[in-house]
Amino acid sequence: MRVETGVRRSRYRYALERQGVLATVLISPAVLFIGALVGVPLVLAVYLSFTDATAGSLSGNWVGLANFRSALHDQVFRDALWHTFLFTAISQAVVIVVAGLLAHALVRSFRGRWLIRFVILLPWAAPIALTAIGFLWFYDPQASIFTWFLEHLHITSPQNRPNWLGTPHAAMSSIITVQAWRTIPFATVIFLAGVSSIPQEVDDAAAMDGATGLRKFWHVSLPLQLPIALVAVLFGIVFTATDMVVPYILTNGGPFNSTQVLTTWAFQTGINAGNIGEGAAIALFMLPFLAAVVVGMLVFARRAEVT
Amino acid sequence: MPSPWRHKLFAYAVTIPFAVLLGFPFVWMAVTSLKPEYQVYDPTKVWSFHPTLASYGFLFHHTGYLRWLRNSCLVGLAVVVITLVVALPAGYALARLAGRVGRTLGVAIFLTYLVPPTLLFLPLSRVVAQYLHLSDRLWALIVVYPSFTIPFAIWLLMGFFKTIPQELEDAALIDGCSRLGALVRIVFPISLPGILTVVIFTFSLVVNEFVYAITFISSSTNRTVAVGVPTDLIRGDLFNWPGIMAAILIPSIPLALVYNAFLNRFIAGFTGGAFR
């Protein structure tokens, strides 16, 4: 008996030495975990979107495309789609410009760089659910610090105070500002990694050939840092379009649904109103967009491998 | 070529204004947190007021704040352990698995990180309530959070493991070490800084998480700090703004310090993952 177990154990160990077997043993827990907690719910979300399931029951009656049809006919939903686009496009455009500038400045060595990097990093390091509440206070209709500054600069008057979160356009601008504020640090540090990855020799060679300023940036620096920068941009887009913390805490979709985005609308329909099936259908409208980003990333990853 | 002082001038001219814009909210939070409650709304007391720590005392003694902090830490630690147990071997195997299979699998696992909680929270809320019977329990969060921390951790770890030369392990194998032995005795100890980076960023992802926490947890005592502060400290029309500002700053400052300490490693792992 003892001999047998010894043989079995050594055979077992021998199998573990083979790379394919070892790799399978090491990777499968992760694949199983992700399959169970991302794959299964994803399938379930698709299933639920075809049913009239409500809170309290996982199974509803099959209703086909009714949820999608009613969503598409709903003005609030269509507006939410448009708001999601605006929210993402504007905030990320601001992020790209600011983070690009900051990265090019931070790559230089200067006194106090450590402190400045620390301060720039703060909005990303602090939990956004908490800092968003901070902005609720900064945007307070009576005691907004922003209003106080504007009044001291004589841009607005006490009789005509801006209602940052109370009027539709101001509310949209306010949540876009906060979203840009929280994404800039992340984009900056990743852009910075891209800029720093350019070898000094390339920089010198370009300078020798007489490339300066914007031309050097456009023809030499930009193409070289693009692979890494693009990852940061795609991340920013995905996490802005699919996250709900900032709109949920600051406006919860109001006033009059003027800042309603897909995620907050799915939450209100699915959780607050209890129409799980309809909520799932609304959330699923994010899927084609996500798929597009995924394809973009894959194409891009392949191209990055070639170069 | 621009001279060094022009270089520096550009750096200061760009970074200082943006640092002020990005950092000012925290300054204003700190100022507000020190104000006595009756002066908060007074516009003439923007800078001159009697600083007090009363709001911090209120936060600690009369709200569930410490409890929420504790909950966040508990969930964070449990999720970090689960994440490391699952992601360490997988990240190593994917970093070493040569060829198409390894790369495709690495990218595929990473892409699951992009599937957002806002898409999965509705089905998961039913799964948690009906199949797992975990609604309103911290266990619900401990079970669900690894779904996004594991892909994230694998991605970072792949980046770190790829920087460790294969020759080190080969030497260990020649000396009679098994492959698993080489992994545990050689690779993991060298990767300790990278593993610490994963611990810190995983923990902070957990503290940050909002959507699942607000969906699965319903009673005040079981809230995490990210949900407890927005739901329970803001009740009706009664806002204790100084207390809320203190509640924001307390977890933010330590997180910012460790972020800064581990930032370079994070970037190295993040940009060195499956795309390299």
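Placed above this text is the structure.
Numbers given to residues run from 1 along each chain, matching the order in which its sequence is written. To label them, take the chains in the order written and letter them from A, then take the ligands in the order written and number them from 1. At least 70 in pLDDT is required for a residue's local features to be given in this predicted model, at least 80 for side-chain atom pairs to be given and counted, and no such filter applies to totals for whole chains, interfaces and linings, which use all residues. Based on all heavy atoms of the structure, the side-chain values leave hydrogens and waters out of the count.

**Q** Before we go on, may I ask you to explain the overall build of chain B in this structure?
**A** Counting from the N terminus, the helices are DSSP H or I runs at least four residues long and the strands are E runs at least two residues long. Of the regular secondary structure elements, chain B holds 13 helices and two strands. Along the three orthogonal principal directions, the C-alpha set of chain B runs to about 75 × 70 × 35 Å. Once local pairs closer than 6 in sequence are excluded, the contacts in chain B between residues at least 24 apart make up 75%. Positive and negative charge centroids in chain B, built from 18 and 10 side chains respectively, lie 5 Å apart. Throughout, a contact is declared for two residues whenever any of their heavy atoms are within 4.5 Å. Under the counting rule used here, the positive set is Lys and Arg, the negative set is Asp and Glu, and His together with the chain ends is not counted. In plain terms, the charge of a residue is placed at NZ if it is Lys, CZ if Arg, CG if Asp and CD if Glu.

**Q** I keep staring at the overall build of chain A and nothing clicks. Help me out?
**A** For chain A, the count of helices and strands is 14 helices and zero strands. Counting from the amino terminus, chain A carries its helices and strands in the arrangement α-α-α-α-α-α-α-α-α-α-α-α-α-α. Radius of gyration (C-alpha) of chain A: 26 Å, far over the 19 Å computed for a compact globule of 307 residues. Its C-alpha atoms give chain A principal-axis dimensions of roughly 95 × 70 × 35 Å. Note on classification: 1.4 Å probe, protein chains only; a residue is buried when its accessible area is under 20% of the maximum for its type, exposed when over 50%, partly exposed between these limits. For chain A, the proportion of its 307 residues judged to be buried stands at 50%. Each accessible area is a Shrake-Rupley estimate made with a 1.4 Å probe; only the visible protein chains count as cover when residues are assessed. Carbon together with sulfur atoms contributes 65% to the accessible area of chain A, which is approximately 14900 Å² in total. Distance from the positive charge centre (18 side chains) to the negative charge centre (14 side chains) of chain A: 11 Å. Radius of gyration: C-alpha atoms only; globule rule: 2.2 Å multiplied by the number of residues to the exponent 0.38.

**Q** Whenever I open this one, the interface of chain A and chain B confuses me. Can you help?
**A** Interfaces are frequently sized by the accessible area removed from exposure as the parts join. With 97 residues of chain A at the interface, the matching set in chain B holds 98 residues. Summed over both partners, the accessible area (1.4 Å probe) lost when two parts come together is defined as the buried area. Interface of chain A and chain B: buried area, both sides summed, is about 8800 Å²; carbon and sulfur atoms make up 82% of it. The term salt bridge refers to a side-chain nitrogen of Lys or Arg lying within 4 Å of a carboxyl oxygen of Asp or Glu. On the surface where chain A and chain B come into contact, there are zero salt bridges. A per-element tally of the side of chain A that touches chain B places helix H2 (residues 19-49) of chain A first, with 17 residues. Taken together, the residues of the side of chain A that touches chain B sort by class into 78 nonpolar, 12 polar and seven charged. Put simply, Ala, Val, Leu, Ile, Met, Phe, Trp, Tyr, Cys and Pro go in the nonpolar bin, Asp, Glu, Lys and Arg in the charged bin, and everything else, Gly too, in the polar bin.

**Q** Could you clarify how one ought to interpret the packing of aromatic side chains in this entry?
**A** Any pair of aromatic rings gets described here by the distance separating the centres and the angle formed by the planes. Centre distance within 6.5 Å is the pairing criterion for rings of Phe, Tyr and Trp, where only the six-membered ring of Trp is used; planes under 30 degrees apart are then read as stacked, over 60 as edge-to-face, and the remainder as tilted. In this structure the tally under the stated criterion is 50 aromatic pairs over all chains. An angle of 40° between the planes, with centres 6.1 Å apart, marks the rings of A:Trp124 and B:Phe201 as tilted. Taken together, the residues span two chains, with A:Trp124 in helix H5 (residues 113-125) and B:Phe201 in helix H10 (residues 192-208). On the basis of relative accessible area, A:Trp124 is assigned to the buried category, the value being 16%.

**Q** I would appreciate a short explanation of unusual backbone geometry in the present structure.
**A** The bulk of non-glycine residues show a negative phi, and the bulk of peptide bonds are trans. Phi is positive for A:Asn252, which is not a glycine, with a value near 50°. In this fold, A:Asn252 is placed in the loop between helix H11 (245-250) and helix H12 (262-272). One non-glycine residue, B:Asp136, lies in positive phi territory at about 65°. Residue placement: B:Asp136 occurs in the loop between helix H5 (117-131) and helix H6 (138-144). With a relative accessible area of 19%, B:Asp136 lands in the buried category.

**Q** Got a minute to help me understand the nonpolar core in this structure?
**A** Counting residues in hydrophobic clusters, the biggest one holds 191 residues, and the most contacted among them are A:Ile133, B:Tyr212 and B:Val229. Sequence-distant contacts of A:Ile133, defined by excluding residues within four places in its chain, comprise A:Ile249, B:Val229, B:Pro230, B:Ile234, B:Trp241, B:Ile244, B:Met245 and B:Ile248. Side-chain atoms within 4.5 Å are what join buried Ala, Val, Leu, Ile, Met, Phe, Trp, Tyr and Cys residues into a set we call a nonpolar core.

**Q** Could you clarify how one ought to interpret the pattern of salt bridges in this entry?
**A** Any two side chains of opposite charge can pair, so long as their charged atoms come close to each other. Residues and elements named next belong to chain A. Considering all chains together, one arrives at four salt bridges over all chains under this definition. Glu-151 is the partner of Arg-161 in a salt bridge, and the nearest nitrogen-oxygen pair spans 2.9 Å. Here Arg-161, found in the loop between helix H7 (145-152) and helix H8 (168-196), pairs with Glu-151, found in helix H7; they are 10 residues apart in sequence, far enough to count as distant. Between Arg-182 and Asp-243 there is a salt bridge, with its nearest N and O atoms 2.9 Å apart. Of this pair, Arg-182 sits in helix H8 while Asp-243 sits in the loop between helix H10 (213-241) and H11; the two residues are 61 residues apart in sequence, bridging distant segments of the chain.

**Q** Sorry if this is basic, but what is going on with the environment of A:His169 here?
**A** Residue placement: A:His169 occurs in helix H8. Expressed as a C-alpha distance, the spacing of A:His169 and A:Thr156, which sit 13 residues apart in the sequence, is 17 Å.

**Q** Any chance you could explain a nonpolar patch on the surface here in plain terms?
**A** Each patch is built from residues that are more than 30% exposed by relative accessible area and take part in no salt bridge. Like charges join if they lie within 9 Å; nonpolar side chains (Val, Leu, Ile, Met, Phe, Trp, Tyr) join within 5 Å. Taken together, the side chains of A:Val97, A:Leu101 and B:Phe10 present a nonpolar region at the surface, about 240 Å² in accessible area. Positionally, B:Phe10 belongs in helix H1 (residues 4-33). Residue classification places B:Phe10 among the partly exposed positions, given a relative accessible area of 30%.

**Q** What is the right way to read H5(A) from this model?
**A** An ideal rise of 1.5 Å per residue puts 18 Å on 13 residues; H5(A) measures up with 18 Å between its terminal C-alpha atoms. Among all positions of H5(A), only A:Ile116, A:Arg117, A:Phe118, A:Ile120, A:Leu121, A:Leu122, A:Pro123, A:Trp124 and A:Ala125 are buried. On its buried face, H5(A) is in contact with helix H4 (75-106) and H8 of chain A together with H1, H10 and helix H13 (241-271) of chain B. Multiply 1.5 Å by the residue count of a helix minus one, and that product is the helix's expected span.

**Q** Explain the side chain of B:Thr118 to me, please; I cannot follow it from the model alone.
**A** Residue placement: B:Thr118 occurs in helix H5. According to the relative accessible area criterion, B:Thr118 is buried, its value standing at 1%. Looking at B:Thr118, its side chain comes within polar contact range of the main-chain oxygen of A:Thr242, at 2.5 Å. Aside from chain neighbours lying at most four places away, what touches B:Thr118 is A:Thr242, A:Met244, A:Thr263, A:Ala283, A:Met286 and B:Val211. Polar contacts here mean pairs of N or O atoms no more than 3.5 Å apart (in protein, one a potential hydrogen donor and the other a potential acceptor; neighbouring residues in sequence count only if both atoms are side-chain atoms).

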